[in-house]
Amino acid sequence: IQLKAGEKLALDGILISEVASFNTSALTGESKPDTKREGEAVFAGMINLGNLSNIKVTASFKDSKLSKILEL
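**Examining the sheet that holds strand S5 (residues 41-42)**
What links the strands of a sheet is backbone hydrogen bonding, and the strands pair in either a parallel or an antiparallel sense.
Phase 1: Spatial ordering of the open sheet is given by S1-S7-S2-S5, a layout of four strands whose pairing is antiparallel. At either margin of the open sheet sits one strand with a lone partner, and together these are strand S1 (2-3) and S5.
Phase 2: Where S1 meets strand S7 (residues 53-57), two bridges bridge the pair, whose relative direction is antiparallel. What sits directly across from Leu 3, in S7, is Ser 53.

Put into structure tokens, the structure is as follows:
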């Protein structure tokens, strides 16, 4: 999937773009942006802070980290 700047990632996956910066505060409580590199895992709930990013989806929403957090 493609994630534009400011969009929230809906599903867990692997970053296939070279590099991307995400706001992970919804998942971790950390306010500092998290930079991910190609091949690293990205999770539902992260907000893309940079340019267009490409992500390969690896799990359905019911199996995502965000879904598991919401269940708790």
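**Describing the pairing of strand S3 (residues 19-23)**
Phase 1: Only one face of S3 is buried: it carries Ala 20 and Phe 22, and the other face, with Val 19, Ser 21 and Asn 23, is open.
Phase 2: With four bridges joining them, S3 and strand S4 (residues 34-37) adopt antiparallel strand pairing. Residue pairing for S4: Ser 21 is matched across the bridge by Thr 35.
Phase 3: Summarising the sheet, S3 and strand S6 (residues 47-48) pair through two bridges and their orientation is antiparallel. Bridge pairing links Asn 23 to Ile 47 in S6.

**Quick look at the pattern of salt bridges**
Phase 1: Under the criterion given, the structure shown has one salt bridge.
Phase 2: In this structure, Lys 36 and Asp 34 form a salt bridge, with 3.3 Å as the shortest nitrogen-oxygen distance.
Phase 3: When its relative accessible area of 12% is taken as the criterion, Lys 36 is described as buried.

**Describing the environment of Ser 60**
Phase 1: Looking at the element boundaries, Ser 60 is found in the loop between S7 and helix H2 (65-71).
Phase 2: With 41 residues separating them in the primary sequence, Ser 60 and Val 19 have C-alpha atoms 23 Å apart.

What counts, and where the lines are drawn
Residues numbered from 1 in each chain as written. Predicted model: local features only at pLDDT ≥ 70, side-chain atom pairs only at ≥ 80, totals over all residues. Heavy atoms only, no water. Pairing = 2+ DSSP bridges. Helix = DSSP H or I, 4+ residues; strand = E, 2+ residues; numbered from the N terminus. Buried < 20%, exposed > 50% of the residue type's maximum accessible area, 1.4 Å probe, protein only. Salt bridge = Lys/Arg side-chain N within 4 Å of Asp/Glu carboxyl O.

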